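# A look at the structure
Residues per chain, in single letters:
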Amino acid sequence: MAERSFTKEVRRLRVPAGTEFRGEGILAVTKALLESGVSYVTGYQGSPISHLMDVLADAQPILNELGVYFEPAANEAAAAAALSASVNYPVRGAVTWKSTVGTNVASDALANLASGGVTGGALIIVGEDYGEGSSIMQERTHAFAMKSQMWLLDPKPNLPAIVQAVHDGFALSEATNTPVMLELRIRSCHLHGSFVTRENKRPGFTLKDALENPTRDVNRIVLPPASFLHEKEKLEQRWPAAVKFIQERQLNEFVEGDLDHIGVISLGGLSNNVLRALKNLDQADLFGNTRVPIYILNVAYPLVEAEVIRFCEGKRAVLMIEEGQPDYLEQNLNAILRRHGLDAAVHGKDLLPPGGDYTVAVLQKGIRGFLEQHHRAAFAKPVTIAMPTVSSRKATVLDGVDQAPVDASASAALALTPLLPPRPPGLCVGCPERPIFSSLKLLEREIGMHHVSADIGCHLFSIMPPFNLGATTMGYGLGGSSASAFAAGAQLGASKRAIAFMGDGGFWHNGLTSGIANAVFNKQGNVFVIVDNNYSAATGGQDIPSSRAINPHRSTMHAIERAVRGVGVDWVRTLANTYDVNGMRAALKEALSTDAPGPKVIVAQSECMLNRQRREKPAKAKAIKAGERVLKERFGVDAAVCSGDHACMRVSGCPSLTLAPSGDALKPDPVANVDEHCVACGHCGEVADAAVLCPSFYKATKVNNPGRVERWRDRLRQATVGWLQGRQWRSRAERALFPMEALK
């Protein structure tokens with residue numbers, strides 16, 4: 001069950017040419033693929049590009065009508081390898097994944113593809129996840145494009161530009177026999193807008209035609225001596241062809257301005273922020289008109305020397321705007337200008353941060369510094385200067401030196417900083433993975449700490465408080481591999497074993513072979529915990545081979561335990577309910593202490609709570625509306641019973657648990673409290689002091705559309721409780737030292 005369903009939206013993919021198409025960036029990319037006559041599409045989900053896979057899955061009927069083949073790949077390497085269909089045949093293919101981690105996985109296939117080259121258009125759509133909001137290492141796709149000489153498109157963040165980039169990407173690939181990478185930043189993937197459609201096209205040359213008319217070109221295969229000829233072809237044929245195509249199609253843009261002695265060079269994906277920063281500095285308007293000339297690089301790689309010279313000639317200085325390090329474009333720009341004898345000053349990382357997101361505020365500061373150096377007149381405007389009051393004068397004088405007034409919002413933020421507690425990322429309310437890590441923490445009290453290798457996925461949050469598990473993470477599905485070196489500990493007489501975690505998505509992506517099979521082959525004794533939550537949950541809930549949902553287009557319900565035993569693991573335990581803390585703790589303890597040879601594998605199963613809620617909530621709402629009896633469970637804490645130990649929080653870390661006053665003057669410490677987000681998994685009460693259920697927790701059941709008997713029982717219960725409460729208050733009044741009237 002995917003995080004989002006696009007069943008309704010994909011119907012618009014059938015609209016005729018000339019229609020104004022309104023929607024999200026991901027939908028626009030899908031429509032552009034169909035308009036381009038693509039023959040096959042594959043890829044692997046990952047933010048911010050996950051929904052492209054979801055859209056394509058929901059658009060399966062339309063793809064079938066057009067003769068387009070689509071499949072979710074086992075991993076990014078498998079997806080990249082599928083582009084080999086475009087090596088010898090004039091068929092257009094597209095793949096997609098999260099960059100740069102996905103690009104790293106696909107690197108071997110991509111390097112071979114880029115070396116031999118392609119005949120049909122090959123488009124690699126990568127979701128660029130760089131910046132402070134990223135969940136991965138801070139690297140960019142640009143480096144890989146340069147390393148393997150694949151052209152990199154970075155279109156402006158608006159739907160017409162993105163759609164045009166898809167069309168141009170295929171055409172550029174075919175014109176240069178080179179794979180093309182299309183970089184979509186987070187904002188581009190999820191922005192909304194409109195564009196005018198073209199007609200959907202069936203592939204002119206289909207995969208069926210390729211199968212029935214096989215051909216081969218030995219010069220496209222990466223083997224000596226052809227592999228040495230590929231380098232010559234790249235430099236002497238493909239590069240000049242790319243430069244010619246970029247110039248003739250005018251893929252890059254020149255925005256004129258009256259300050260012709262300076263200029264800004266910006267990547268297309270950053271152009272909106274650049275214009276907004278200029279607008280805030282009163283150097284541009286809301287419609288894209290600017291006083292400062294701008295050279296917009298919708299093609300990030302390669303740089304076209306003739307266009308660079310055209311823009312920079314006669315200028316005193318230019319500002320190169322590119323996020324991150326190394327400053328590839330700034331270095332390239334310097335080399336081009338000096339090679340052609342131009343003395344324009346090049347600014348970039350000297351005025352802008354070396355890393356991080358180039359937000360409007362960041363760019364505004366950098367561009368202001370650039371203008372102050374090379375066009376101070378930009379800020380020479382008449383202003384009204386008010387005489388400061390005595391109080392404001394005192395506020396701006398420090399040690400006899402006038403200080404610039406501090407921005408009020410910045411001052412407020414600084415004041416709040418020490419008061420706001422840190423909010424590290426964590427697991428969702430009711431997450432079935434939380435009990436696994438709670439069980440391990442409880443077990444640590446008995447047998448001590450162990451080395452834990454973490455993996456990419458929701459379970460990576462186990463490295464954060466309150467669990468503080470996990471020492472490394474090396475890549476998706478590589479949790480087992482990153483623990484392999486510690487298998488030597490057994491040979492050296494170590495008393496402890498390493499523990500490796502991976503999710504079901506990571507297991508099928510990479511872990512089965514590189515982790516489990518590798519451990520079997522090398523006779524390792526490490527413990528592997530495979531978190532089987534029924535989906536590739538961290539990437540948006542897509543189905544995988546072990547999913548227990550019926551998928552009409554994919555083969556599911558392939559048990560992980562069978563796959564593990566198939567590669568030679570003998571010691572396997574499958575726990576069908578991760579919320580059973582005692583059972584989970586017992587399985588972990590046995591795995592860490594058994595004398596059985598070989599790797600030990602625990603398959604911990606429970607459905608992802610987010611996907612479960614997405615499925616159950618609409619069904620329950622529909623049933624309630626239809627008048628059916630529906631139960632909703634919630635947990636609460638009896639403040640009178642709670643001891644204030646807070647083990648429920650320290651061992652579970654559930655976000656629905658918080659603190660509240662006890663309501664008792666003799667119990668000044670706060671007690672545990674359950675907020676409205678509780679999903680009644682019961683984990684918090686179960687781990688409190690390792691109890692089956694902490695006595696301070698109670699479960700309440702809300703009944704929607706109760707029957708007559710239930711309503712009668714409720715009235716009787718309320719009447720009884722009311723009578724008992726009244727009796728209690730009367731007894732208290734009789735024992736009071738002072739009458740209530742006197743206190744009033």
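Described below are features of the structure shown in this document. (Residues numbered from 1 in each chain as written. Predicted model: local features only at pLDDT ≥ 70, side-chain atom pairs only at ≥ 80, totals over all residues. Heavy atoms only, no water.)

### Observations regarding the overall build of the protein
- Within the protein, the regular secondary structure consists of 29 helices and 25 strands.
- With the C-alpha coordinates of the protein rotated into their principal frame, the extents come out at 100 × 85 × 65 Å.
- Expressed as a percentage of the 744 residues in the protein, the buried residues total 48%.
- If you take every contact in the protein between residues at least 6 apart in sequence, the share linking residues at least 24 apart comes to 77%.
- As presented, the protein carries roughly 36,200 Å² of accessible surface, and 56% of it is formed by carbon and sulfur atoms.
- Counting 79 positive and 75 negative side-chain charges, the protein places the averaged centre of each group 7 Å from the other. (Helix = DSSP H or I, 4+ residues; strand = E, 2+ residues; numbered from the N terminus. Buried < 20%, exposed > 50% of the residue type's maximum accessible area, 1.4 Å probe, protein only. Contact = heavy atoms within 4.5 Å. Areas by Shrake-Rupley, 256 points an atom, 1.4 Å probe, with all protein chains shown as cover. Lys, Arg positive; Asp, Glu negative; His and termini not counted. Charge placed at Lys NZ, Arg CZ, Asp CG, Glu CD.)

### Observations regarding the side chain of Arg238
- Along the chain, Arg238 turns up in helix H12 (residues 226–249).
- Engagement of the side chain of Arg238 in a polar contact is seen with the backbone oxygen of Ala114, the distance being 2.7 Å.
- In this structure Arg238 touches Ala114, Ser115, Gly116, Gly117, Gln149, Trp151, Thr176, Asn177, Thr178, Arg220 and Glu233, once residues within four positions along its chain are discounted. (Polar contact = N/O pair within 3.5 Å; in protein donor to acceptor, adjacent residues only side chain to side chain.)

### Details of a positive patch on the surface
- Taken together, the side chains of Lys617, Lys620, Lys632 and Lys702 define a basic patch exposed on the protein surface.
- We classify Lys620 as partly exposed; its relative accessible area is 36%. (Patch = residues over 30% accessible without salt bridge, like charges linked within 9 Å, V, L, I, M, F, W, Y side chains within 5 Å. Salt bridge = Lys/Arg side-chain N within 4 Å of Asp/Glu carboxyl O.)

### Here's the deal with the sheet that holds strand E17 (residues 452–453)
- Overall, parallel pairing links the five strands, which are arranged E17-E18-E19-E21-E20 in an open sheet. Because the sheet does not close on itself, it has two edges, and the strands there are E17 and strand E20 (571–575).
- Looking at chain direction, strand E19 (residues 527–532) and strand E21 (residues 600–605) are connected through six bridges and run parallel. Within E21, the position partnered with Val531 by the bridge is Ala604.
- Its contacts with the sheet place helix H19 (residues 434–447) against E17, strand E18 (499–503), E19 and E21, and it is angled at close to 175° to E18. (Pairing = 2+ DSSP bridges. Axes fitted to C-alpha atoms, helices over the stretch in contact; angles between N-to-C directions.)

### Focus on unusual backbone geometry
- Across the junction of Gln325 and Pro326, the peptide omega takes the value -5°, indicating a cis bond.
- You can see Pro326 is positioned in the loop between strand E13 (317–321) and helix H15 (328–339).
- In the segment running from Pro465 into Pro466, the intervening peptide bond is cis, with an omega of 5°.
- Note that Pro466 resides in the loop between E17 and helix H20 (479–482).
- The residue Gln250 is not glycine, and still its phi comes out positive at about 50°.
- One can find Gln250 in the loop between H12 and strand E9 (253–255).
- Residue class for Gln250 comes out exposed when judged on its relative accessible area of 61%.
- Residues other than glycine seldom take positive phi values, yet Asp282 does so here, at roughly 60°.
- Within the secondary structure layout, Asp282 lies in the loop between helix H13 (271–280) and strand E11 (294–297).
- Owing to a relative accessible area of 49%, Asp282 belongs among the partly exposed residues under this scheme.

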